[in-house]
Amino acid sequence: MPFSEQWTEVARAKYDELREKAERSLRNRTKSGKKKKTKSTKSEGLFKQVHKTLRLLLDNPKHPGLNTHEYSRIENPYDPKQKVWEAYAQNRTPSADRIFWCYGPDKGEITIIDITPHP
């Protein structure tokens, strides 16, 4: 059962920033006459990884590729007694990006709390 998504303002702003950087990079690459089949830039790759992680997370938070586990340094925005989770957008990468999330506020919803390089 897929979950519906909710976003904190911080998470939405970071996601939009990643998307904007990736789109700008793609436009610049295609303007310069490079073929689309050339290797994508770092910003394009990062956005693609984050977007894929979000799709997997909303479809199945227990997907093994997400390496989902509890993260105790961030407080749940809805109920401090409830857990916050961390999912890997990248792995084996310096400052690999992570997505922090929690269930709620309603049943069948996941809230994206933050998207950030691993602390």
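Residues numbered from 1 in each chain as written. Predicted model: local features only at pLDDT ≥ 70, side-chain atom pairs only at ≥ 80, totals over all residues. Heavy atoms only, no water.

Trainee: Looking at this structure, how should I read the environment of H63?
Mentor: Examined against the element boundaries, H63 turns out to sit in the loop between α2 (42-59) and β2 (69-70). Accessibility expressed as a relative area gives 28% for H63, which makes it partly exposed. C-alpha of H63 to C-alpha of Y15: the two residues are 48 residues apart in sequence and 21 Å apart in space. (Helix = DSSP H or I, 4+ residues; strand = E, 2+ residues; numbered from the N terminus. Buried < 20%, exposed > 50% of the residue type's maximum accessible area, 1.4 Å probe, protein only.)

Trainee: Could you clarify how one ought to interpret the sheet that holds strand β1 (residues 4-7) in this entry?
Mentor: Two strands in a sheet stick together by hydrogen bonds in their backbones, pointing the same way (parallel) or opposite ways (antiparallel). One open sheet holds the five strands; their spatial order is β1-β5-β4-β3-β2, and the pairing between them is mixed. The outermost strands of the open sheet, each flanked by one partner alone, are β1 and β2. Relative to the sheet, helix α1 (residues 9-31) contacts β1 and β5 (109-117), its axis offset from that of β5 by approximately 60°. (Pairing = 2+ DSSP bridges. Contact = heavy atoms within 4.5 Å. Axes fitted to C-alpha atoms, helices over the stretch in contact; angles between N-to-C directions.)

Trainee: I keep staring at the packing of α1 against α2 and nothing clicks. Help me out?
Mentor: For any two helices packed against each other, one specifies the inter-axial angle together with the distance between the axes. Axis separation between α1 and α2 bottoms out at 8 Å; the angle between their running directions is 135°. It follows from the interaxial angle that α1 and α2 lie oblique. Crossing of α1 against α2: the hand is left-handed. Within the contact between the two elements, α1 uses Y15, L18, R19, K21, A22, S25, L26 and R29 and α2 uses S43, E44, L46, F47, V50, H51 and L54. (Parallel < 35°, antiparallel > 145°, perpendicular 65-115°, else oblique. Left-handed = near helix turned anticlockwise from the far one by under 90°.)

Trainee: Please clarify how the pairing of strand β4 (residues 97-103) should be interpreted in this entry.
Mentor: Here is the key point about a regular strand: its side chains alternate between the two faces of the sheet. With six of its seven residues buried, β4 lies for the most part within the structure. Alignment of strand β3 (residues 85-88) against β4, held across four bridges, turns out to be antiparallel. Considered in β4, the bridge of Y88 is made with R98. Pairing geometry for β4 and β5, over seven bridges, is antiparallel. If you follow Y103 over to β5, its bridge partner there is I110.

Trainee: Is there a simple way to explain the packing of aromatic side chains in this structure?
Mentor: Two aromatic rings, taken as a pair, are described by how far apart their centres are and by the angle between their planes. Scanning the entire structure with this criterion turns up six aromatic pairs. For the ring pair Y15 and F47, a centre distance of 5.3 Å and an interplane angle of 50° mean the geometry is tilted. One end of the pair, Y15, is in helix α1; the other, F47, is in helix α2, with 32 residues separating them in the sequence. Judged on exposure class, the residue Y15 and its partner F47 are both buried. Note on W85 and W101: the rings are 6.1 Å apart at their centroids and 25° apart in plane angle, and the pair reads as stacked. Of this pair, W85 sits in strand β3 while W101 sits in strand β4; the two residues are 16 residues apart in sequence, bridging distant segments of the chain. Classification of W101 by relative accessible area gives buried; the value is 1%. (Phe/Tyr/Trp six-rings, centres within 6.5 Å; stacked < 30°, edge-to-face > 60°.)

Trainee: Got a minute to help me understand the pattern of salt bridges in this structure?
Mentor: Side-chain pairs of opposite charge can arise whenever the charged atoms involved come near each other. For the structure shown, the criterion picks out eight salt bridges. We note a salt bridge from R19 to D16, for which the minimum N-O separation is 2.9 Å. One end of the pair is R19 and the other is D16, both in helix α1 and three residues apart, which spans about a single turn. Take D16: its relative accessible area is 28%, and that puts it in the partly exposed class. Of the charged contacts, one joins K83 and E70 as a salt bridge, the two residues approaching to 3.9 Å between their closest N and O atoms. Of this pair, K83 sits in the loop between β2 and β3 while E70 is found in strand β2, placing the two residues 13 residues apart along the sequence. On the accessibility criterion, K83 (41% relative accessible area) is partly exposed. (Salt bridge = Lys/Arg side-chain N within 4 Å of Asp/Glu carboxyl O.)

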